[in-house]
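Residues per chain, in single letters:
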Amino acid sequence: MSYKATRNWENANKMVFEGYGEYEIPGIAPVYEVPDSWISFNYARTAKDHSVGVHHFVDDYQFLREWTQPDAYIELFKKFACVTSPDFSTYADFPVALQIYNHYRKHWIGAYLQYHGVNVIPTISWSTPDSFAWCFDGEPVGSVVAVSSVGTMQNKEYRRRFMQGYNEMLARLQPSKILFYGSVPDDAGGNVIRVKSFTETMREVK
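A few points on the structure. (Residues numbered from 1 in each chain as written. Predicted model: local features only at pLDDT ≥ 70, side-chain atom pairs only at ≥ 80, totals over all residues. Heavy atoms only, no water.)

### Some points on the side chain of Ser-89
And then number 1: Relative to the helices and strands, Ser-89 resides in the loop between strand S5 (82–84) and helix H4 (96–115).
And then number 2: The exposure class of Ser-89 is buried, given its relative accessible area of 10%.
And then number 3: Apart from residues lying up to four places away in sequence, Ser-89 is in contact with Asp-60, Phe-94 and Asn-102. (Helix = DSSP H or I, 4+ residues; strand = E, 2+ residues; numbered from the N terminus. Buried < 20%, exposed > 50% of the residue type's maximum accessible area, 1.4 Å probe, protein only. Contact = heavy atoms within 4.5 Å.)

Laid out in structure tokens, this is it:
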């Protein structure tokens, strides 16, 4: 087998998109309408109701396969009202190179799904203020966006850092709606629409 056949192309063999910013992050087009109900990625294959949206606010390992096998999810996601771009982690204690790589992967998958006709809501994430130099590259202005506060409300410093990035997002992207997964701080501005967790939904059903 040739070197070319065995090379790990990191999906560049499938598509190379117009890039934004220093790291050539693929761009995601804006979306303006969203469904009322959501399920997490790990329930998408067994879902009976396809009028809902699919979010990625679960552990990274559950959707890593979207990066290794992106074509396997196109037809599945087309069935749903929309899907958020994968929320690959950009933790502040990650090496910066890994944070940027995860931002790139999130955007490549989002752009690839959009190219194939999937309705994609951009998921916005950040780490420290230093990440503001690249973490909004490729994000649309005036679109519906999705964010998660999970893991950011344990102490004052985490909360302060989250709100720094959140307010920076509002200023730069001016989102029309913000799909919010997790606890919503009282001072979170913008047109917030809270996305309920699976546990909350099941509790209401019972």
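### Description of unusual backbone geometry
And then number 1: Of note in the backbone geometry, Glu-24 takes a positive phi value of approximately 55 degrees without being a glycine.
And then number 2: You can see Glu-24 is positioned in the loop between strand S1 (19–20) and strand S2 (25–26).
And then number 3: The class of Glu-24 is exposed, set by a relative accessible area of 56%.
And then number 4: Although it is not a glycine, Gln-174 adopts a positive phi angle of roughly 45 degrees.
And then number 5: With respect to the helices and strands, Gln-174 occurs in the loop between helix H5 (156–173) and strand S8 (177–181).
And then number 6: On the accessibility criterion, Gln-174 (53% relative accessible area) is exposed.

### Focus: the sheet that holds strand S9 (residues 192–195)
And then number 1: Within the open sheet, the three strands sit side by side as S7-S8-S9. Their pairing is parallel. Two strands lie at the open edges of the sheet, namely strand S7 (144–148) and S9, each paired on one side alone. Strand-to-strand, the axes of this sheet are offset by a mean angle of 25 degrees, without reference to chain direction.
And then number 2: Looking at chain direction, S7 and S8 are connected through five bridges and run parallel. By the bridge assignment, Val-144 is partnered in S8 with Lys-177.
And then number 3: In the packing of H5 onto the sheet, the strands contacted are S7, S8 and S9, and the crossing angle to S8 comes to about 160 degrees. (Pairing = 2+ DSSP bridges. Axes fitted to C-alpha atoms, helices over the stretch in contact; angles between N-to-C directions.)

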